[in-house]
Amino acid sequence: MMNRLTISDLLEKKRQGKKISMLTAYDYYTARLADEAKIDVVLVGDSLGMVVQGRKDTLPVTVDEMIYHTKAVNRGAGRALIVTDLPFMSYQAGVTEAMKNAGRIMKESGAGAVKLEGGQRVLPQVKALVDAGIPVMGHLGLTPQSVNQFGGFKVQARDRAQAVELLEDALALQEAGAFCLVLETVPLELAEIVTERLDIPTIGIGAGPYCDGQVLVFHDLLGFDDSFKPKFVRQYANLNQIITQAIREYISDIENGNFPADKESFHMKEEVLKELRKELDSVGDN
Ligand code: KIV
């Protein structure tokens, strides 16, 4: 059996100055492909609300949906550490809610850790979860569950006061027991300072090259959406074109009678066919 990466492996990577790779996945096959490529961490992000469900933000995603997707990911990824997002309003209201929902995710889905968004205001939840043996990944900067408070998906912590607040939040999350921290859409200089000041690894998305690791959303990395190309995304493939072209060819082959061909069809044995023809010929003869 393959050994699954643990939170200790991530801490060790930071200590050794090795970069951590993280990618989102939401189903069996994509998780399997990421795992076979030897990704360190598969994040079952609540971004699934946008890229799988087609919603405008992550707010409607439920704990049941996170569990459903994590179960599928867990069947596909046997090596990577699986981290599952606690969705909007599954932990913000307090420690009891956070414990109940994170507990369900850990018991029912196969996740090895949970991720939640925010700094000072979620410290009691982080402490309680860690005390209960649930590894917690923090998430600061552009935290998508607060998109309505931010007034859109904008770069965060660009001014001095906000930058200081983010560093304080990062230190507090580490103190509360978080094992890792996502920094989303913040200036690279700030991400570098936070990364230097923390013992736990930072994973950046739109946070520059100095973080201890990087994360992207699966669909962004592979170019599913031609019209969505934020500055921080590098598209490693254009699946949009490849998939659309393949489906167009499929439709045209059906319409032209080119699909299925003989090699894609099944045959009866010659003698069975002969018998069948005879039998069919006599049907309705009397
Ligand atoms: O939900 C998600 O995919 C995330 C990443 C973008 C970090 O939180």
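Here we summarise the structure given alongside this text.

Conventions adopted
Residues numbered from 1 in each chain as written. Predicted model: local features only at pLDDT ≥ 70, side-chain atom pairs only at ≥ 80, totals over all residues. Heavy atoms only, no water. Axes fitted to C-alpha atoms, helices over the stretch in contact; angles between N-to-C directions. Helix = DSSP H or I, 4+ residues; strand = E, 2+ residues; numbered from the N terminus. Parallel < 35°, antiparallel > 145°, perpendicular 65-115°, else oblique. Left-handed = near helix turned anticlockwise from the far one by under 90°. Contact = heavy atoms within 4.5 Å. Near = heavy atom within 4 Å. Polar contact = N/O pair within 3.5 Å; in protein donor to acceptor, adjacent residues only side chain to side chain. Nonpolar A, V, L, I, M, F, W, Y, C, P; charged D, E, K, R; others polar. Buried < 20%, exposed > 50% of the residue type's maximum accessible area, 1.4 Å probe, protein only. Pairing = 2+ DSSP bridges. Right-handed = clockwise from strand over helix to strand, strands pointing away.

1. Describing the packing of helix H2 (residues 28–36) against helix H4 (residues 63–76)
Running from N to C, H2 and H4 cross one another at 40°; their axes reach a closest spacing of 7 Å. For the element pair H2 / H4, the angle class is oblique. As for the relative orientation of H2 and H4, their crossing is right-handed in sense. Of the residues in H4, those in contact with Tyr28, Ala31, Arg32 and Asp35 of H2 are Ala72, Val73, Arg75 and Gly76.

2. Digging into the site of the ligand
Near the ligand you find Thr24, Leu43, Gly45, Asp46, Ser47, Asp85, Lys115, His139, Val182, Ile205 and Val217, and these make up its full shell. Between Asp46 and the ligand, the recorded distance is 3.1 Å, taken from a side-chain N or O atom to an oxygen atom. Between Ser47 and the ligand, the recorded distance is 2.5 Å, taken from a side-chain N or O atom to an oxygen atom. A breakdown of the residues in the shell around the ligand according to their chemical character gives four nonpolar, four polar and three charged.

3. Let's talk about the side chain of Thr58
Position of Thr58 among the secondary structure elements: in the loop between helix H3 (48–51) and H4. The exposure class of Thr58 is buried, given its relative accessible area of 2%.

4. Digging into the pairing of strand E1 (residues 20–24)
Summarising burial for E1: four of the five residues are buried, a large majority. The sheet contact formed by E1 and strand E8 (residues 213–216) spans four bridges and is parallel. Residue pairing across strands places Ser21 opposite Gln214, the latter belonging to E8. Inspection of the sheet shows E1 paired to strand E2 (residues 41–44) by three bridges, in the parallel sense. Among the inter-strand pairings, Leu23 is bridged to a residue of E2, identified as Val42. Handedness of the crossover joining E1 and E2 through H2 is recorded here as right-handed.

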